[in-house]
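So the chains spell out like this:
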Amino acid sequence: MDVAGFLLFSTIEGIAVLSVALYLFRVKVTKHIWSIVIMSLLISFQNYVIRDMLALVEISPIINLLLTVLFFKTVIRIPLFWSAVITVTGYISYALIQSSVLLLSFGYFTIEKVSGHSVEGYELQLISSLLALGGSWFIYSRGLGFTFEFEKLRFKWERIAVLTLITLFALVLCIMMYFQDIKANFVIILFSLAVFLYYALRKEVEEKL
């Protein structure tokens, strides 16, 4: 049950993360649904091998980010730079939802309870995934999200700045995984999401001018 449960709920969570990322940038998820399901399953299996078999918990998030960027680039056909931005925005958004559920559970969910292969951990993944899927679909169905054309956007110093921010976020994510302070994590995640959403919004406004 441990392996099956981990793969099942991690796959559901992966589908939610990828869907949030794509819906926020007005990419139709249903068009790529089977690719998303297969990719989520592969990432879940990778997580199991890296975290449970090799005990390399801290590097697992970075591998997830890299695999997702490559997925968006090769399968969804989004330019590499924007694949990185969309990936980080999606992961941050999902992490914010999950951290909110954790904080608002009045002690039902704690870091200790959701660690490992626990029922509470699976419940947290399922609730967070349903909220993420429902919320992102609602945004997409209402015509909200970022609608600029990726290929039209060309940068100079901005590209370096944003890639640096993405690298820093990946490093901070590893540190967060190590210390597991949910309140501090929530503040960092919220700040990171604000930065990336501000950047995406600014690029959309610039395209429309």
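Here, every reference points to the structure presented above.
These numbers come from a predicted model, not from an experiment. (Residues numbered from 1 in each chain as written. Predicted model: local features only at pLDDT ≥ 70, side-chain atom pairs only at ≥ 80, totals over all residues. Heavy atoms only, no water.)

Draft legend 1. The arrangement of helix α3 (residues 60–74) in detail. Counted at 1.5 Å a residue, the expected span for α3 with its 15 residues is 21 Å, and the 21 Å between its end C-alpha atoms agrees. Turning to α3, its buried residues are S60, P61, N64, L65, T68, V69, F71 and F72. (Helix = DSSP H or I, 4+ residues; strand = E, 2+ residues; numbered from the N terminus. Expected span 1.5 Å × (residues − 1). Buried < 20%, exposed > 50% of the residue type's maximum accessible area, 1.4 Å probe, protein only.)

Draft legend 2. Structural context of the nonpolar core. If you look at the biggest cluster of nonpolar residues, it comprises 29 residues, and the most contacted ones within it are L22, I36, F71, F72, I76 and I78. If you list the elements that add at least two residues to this core, you get α1 (2–24), α2 (33–53), α3, α4 (80–103) and α6 (119–141). Not counting residues up to four positions away in its chain, the partners in contact with I76 are L22, V27, H32 and F71. In this structure, V101, L102, F109 and L124 belong to the second largest nonpolar core, which totals six residues. (Core = buried A, V, L, I, M, F, W, Y, C linked by side-chain atoms within 4.5 Å. Contact = heavy atoms within 4.5 Å.)

Draft legend 3. Local environment of α6. Over its 23 residues, α6 extends 33 Å from the first C-alpha to the last, a length consistent with the 33 Å expected when each residue adds 1.5 Å. Buried within α6 we find G121, Y122, L124, Q125, S128, S129, A132, S136 and Y140. Phi for G143, located one or two positions after α6, is positive at around 75°.

Draft legend 4. Structural detail: the packing of α2 against α3. Following both chains from N to C, one finds α2 and α3 inclined at 155°, their axes separated by 10 Å at the closest point. The pairing of α2 with α3 is recorded here as roughly antiparallel in orientation. The two elements α2 and α3 cross, and the hand of that crossing is right-handed. Facing S35, I36, M39, I43, Q46, N47, I50 and R51 of α2, the residues of α3 in contact are S60, I63, N64, L67, T68 and F71. Among the residues making up the contact of α2 with α3, the classes are represented as seven nonpolar, six polar and one charged. (Axes fitted to C-alpha atoms, helices over the stretch in contact; angles between N-to-C directions. Parallel < 35°, antiparallel > 145°, perpendicular 65-115°, else oblique. Left-handed = near helix turned anticlockwise from the far one by under 90°. Nonpolar A, V, L, I, M, F, W, Y, C, P; charged D, E, K, R; others polar.)

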